[in-house]
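Residue strings, one per chain:
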Amino acid sequence: MNSSKIISIALIAMVVVAGVAIFVTGNDNSGDGVEDAVGNVVKLDGKPERIASTTVTATEYICQLGYRDALVGATLNNGVYDVDEEIIGIDMDLDYPETIKEDINSGKITNVGKATNWSVESVAATNPELVLLGQSSVESDSSKMEQFKSLGIKVFVISDGSEWEDIFYNYSSLGKLLSVEDKANKIINDIKSSEGKLRDSVKGFGDGLKVAHICYCYGTYYVYDSSVCIEAAMLFGATNAITSEVNFTAITPETIAEKNPDVIIFDDMTTHLDWEQVISDWKADPVMGSIDCIKNNSFYCLEEAPYRATNYNTAHYLEGEALVATLLFNKNLGVEVPNIITDEDWKSYLGWFEELVS
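Procedures and definitions
- Residues numbered from 1 in each chain as written.
- Predicted model: local features only at pLDDT ≥ 70, side-chain atom pairs only at ≥ 80, totals over all residues.
- Heavy atoms only, no water.
- Helix = DSSP H or I, 4+ residues; strand = E, 2+ residues; numbered from the N terminus.
- Buried < 20%, exposed > 50% of the residue type's maximum accessible area, 1.4 Å probe, protein only.
- Contact = heavy atoms within 4.5 Å.
- Areas by Shrake-Rupley, 256 points an atom, 1.4 Å probe, with all protein chains shown as cover.
- Pairing = 2+ DSSP bridges.
- Salt bridge = Lys/Arg side-chain N within 4 Å of Asp/Glu carboxyl O.
- Core = buried A, V, L, I, M, F, W, Y, C linked by side-chain atoms within 4.5 Å.
- Phe/Tyr/Trp six-rings, centres within 6.5 Å; stacked < 30°, edge-to-face > 60°.
- Lys NZ or Arg CZ within 6 Å of the ring centre and 35° of its normal.
- pLDDT = per-residue confidence, 0-100.
- Polar contact = N/O pair within 3.5 Å; in protein donor to acceptor, adjacent residues only side chain to side chain.

A. Focus on the overall build of the protein. When you go through the protein residue by residue, the secondary structure sums to 14 helices and 18 strands. Per-residue burial for the protein yields a buried fraction of 52% across its 358 residues. Put simply, 67% of the contacts in the protein that link residues at least 6 apart link residues at least 24 apart. When the accessible area of the protein is evaluated, it comes to approximately 16100 Å², of which 46% is carbon and sulfur surface.

B. Geometry of the sheet that holds strand E7 (residues 110-111). Spatial ordering of the open sheet is given by E7-E6-E5-E10-E11, a layout of five strands whose pairing is parallel. Strands at the two margins of the open sheet, each flanked by one partner only, are E7 and strand E11 (154-158). As paired elements, strand E5 (residues 51-53) and strand E10 (residues 130-134) share three bridges and run parallel to each other. Looking across to E10, one finds that serine 53 is bridged to leucine 132.

C. Spotlight on the pattern of salt bridges. Tallied over the entire structure, the rule returns seven salt bridges. Note that aspartate 45 is salt-bridged to lysine 154, the shortest N-O span being 3.2 Å. In this pair, aspartate 45 is assigned in the loop between strand E4 (41-42) and E5 and lysine 154 in strand E11, connecting sequence segments 109 residues apart. Residue glutamate 319 is joined to lysine 347 by a salt bridge in which the shortest nitrogen-to-oxygen separation is 2.9 Å. A residue pair is termed long-range when its members are at least 10 positions apart, and glutamate 319 in helix H13 (residues 317-333) and lysine 347 in the loop between strand E18 (340-341) and helix H14 (351-357) qualify at 28 residues.

D. Structural view of the environment of alanine 233. Counting through the fold element by element, alanine 233 comes out in helix H8 (residues 228-235). Each C-alpha atom of the pair alanine 233 and leucine 328 lies 7.8 Å from the other, and the pair is 95 residues apart in sequence. Every residue in contact with alanine 233, bar those within four places of it in the chain, is listed here: Val211, Ala238, Val324 and Leu328.

E. Layout of unusual backbone geometry. A positive phi angle is found at threonine 270, which is not glycine, with a value near 55°. In this fold, threonine 270 is placed in the loop between strand E16 (263-267) and helix H10 (275-284). According to the relative accessible area criterion, threonine 270 is partly exposed, its value standing at 26%. With phi around 60°, histidine 272 is a residue other than glycine that occupies positive phi space. Mapped onto the elements of the fold, histidine 272 is located in the loop between E16 and H10.

F. Quick peek at H8. Along H8, the residues that are buried comprise Val228, Cys229, Ile230, Ala232 and Ala233. Where H8 is buried, its residues contact strand E12 (210-217), strand E13 (220-224), strand E14 (239-240), E16 and H13. Looking one or two places after H8, you find glycine 237, whose phi comes out positive at around 100°.

G. Representation of the side chain of serine 244 within the structure. Mapped onto the fold, serine 244 is located in the loop between E14 and strand E15 (248-251). According to the relative accessible area criterion, serine 244 is buried, its value standing at 19%.

H. Representation of the pairing of E11. When you tally the buried positions in E11, you get five out of five residues, the bulk of the element. A two-sided burial pattern is seen for E11, the buried positions comprising Lys154, Phe156 and Ile158 on one face and Val155 and Val157 on the other. Pairing of E10 with E11 involves five bridges; the strand directions are parallel. Note that in E11 the partner of leucine 132 across the bridge is phenylalanine 156.

I. Looking closely at the nonpolar core. Phe156, Tyr171, Phe236, Leu328 and Ile341 are the most contacted members of the largest nonpolar core, which totals 68 residues. The element best represented in this core is H13, accounting for nine residues. If we ignore the near neighbours within four places in the chain, the residues touching isoleucine 341 are Tyr300, Cys301, Leu302, Glu303, Pro306, Leu323, Leu327, Trp346 and Tyr349. Counting 22 residues, the second largest nonpolar core, distinct from the first, contains Ile214, Ala241, Ile251 and Ile264.

J. Structural view of the packing of aromatic side chains. According to the stated counting rule, one finds 15 aromatic pairs in the structure shown. Here the aromatic rings of tyrosine 61 and tyrosine 171 are separated by 4.5 Å at their centres, their planes lie at 80°, and the arrangement is edge-to-face. Note that tyrosine 61 is positioned in helix H1 (residues 56-64) and tyrosine 171 in helix H6 (residues 164-177), a separation of 110 residues in sequence. Assessed through its relative accessible area of 0%, tyrosine 171 is described here as buried. An aromatic cluster is defined as three or more aromatic residues linked by ring pairs; in this entry it consists of Tyr216, Tyr221, Phe266, Trp275, Trp282 and Phe299. The ring of tryptophan 118 has lysine 144 lying over it, and the distance from NZ or CZ to the ring centre is 4.1 Å. Looking at lysine 192, its charged tip hangs above the ring of phenylalanine 168, at a distance of 5.2 Å from the centre.

K. View of the confidence of the model for the protein. Scored by pLDDT, the protein comes out at a mean of 88, with 88% of its residues at no less than 70. Per-residue pLDDT stays below 50 along residues 1-30; that stretch engages in 50 contacts with residues further than four places along the chain or on separate chains.

L. Layout of the side chain of asparagine 313. Take asparagine 313: it is sitting in the loop between helix H12 (304-309) and H13. On the accessibility criterion, asparagine 313 (9% relative accessible area) is buried. Of note is the side chain of asparagine 313, whose polar atom sits 3.3 Å from the backbone oxygen of aspartate 160. With sequence-adjacent residues up to four places away left out, asparagine 313 is seen in contact with Thr57, Tyr61, Ser159, Asp160, Gly161, Ser162 and Ile167.

In structure tokens, the structure reads:
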């Protein structure tokens, strides 16, 4: 039997003596495969030449690990690939797919759909040897993963977690799966070194600081009980000023005033608000205008690119974490930062971090 045609079946190990081909799925990480985020143990027959990715982050991991040319299918959402190839704090060339959108439009790479709306048929049509899936999509509905398996297509599920341990797991496991462990370890070690310097440089600045991350869109305020911005702020010693039992819940200006955060980070969920007009309205509003951080300009409104920077669960989050530190501690760091953090200028405020890690 040709080992490339062996179909994986959960909890069954098939051993073909003549070809000495082994493929195992389940929770047994025996060294003959790599365990993914949902417990599949996957073993490739060699370096894959055709990979399809159903998540933006998986696409970035694949490209950074040197498999950009193997990408035959990818999802496409507006703006998701619009980030720089170079990452402050990582001293190596990373082939981030800035040209993915261009290649999809030209037909070089097949657009298999949006990250939240793709089909097994569209992905399978790219004839992939390996398909990358996101953990949350599989945990909510594993049927697509099982359909790929029934077609004899190997699947690897990456973690959707936003903590560094989740990011390191993705680099490490994919590095092992794709036989590029040295490159994966170099990325991980660079991140650990630079992130450690970042934390040390702002140590003590966040003690006692109350921070809120609020989405303002369609005229309503929503609070994030747990967001990457809040997680970063808490890493720096700050506290979450507005907690909620539900992660994304509507709140009133009166609630914001009552909690009185020292710093607020606003986003508009990429609805492209006119932040200048919004800020003018806040200043004139009897409730919002009474909040100390609104009066003293200790609030920051993120346009799309900086907002996305704080949400990438890849190596790019190193810059997102540095941006959060800059917003919270710019006075301590001696950095002038405006209330509106624009797509064009946000990285210019990270010069202090670039000097720190250079």
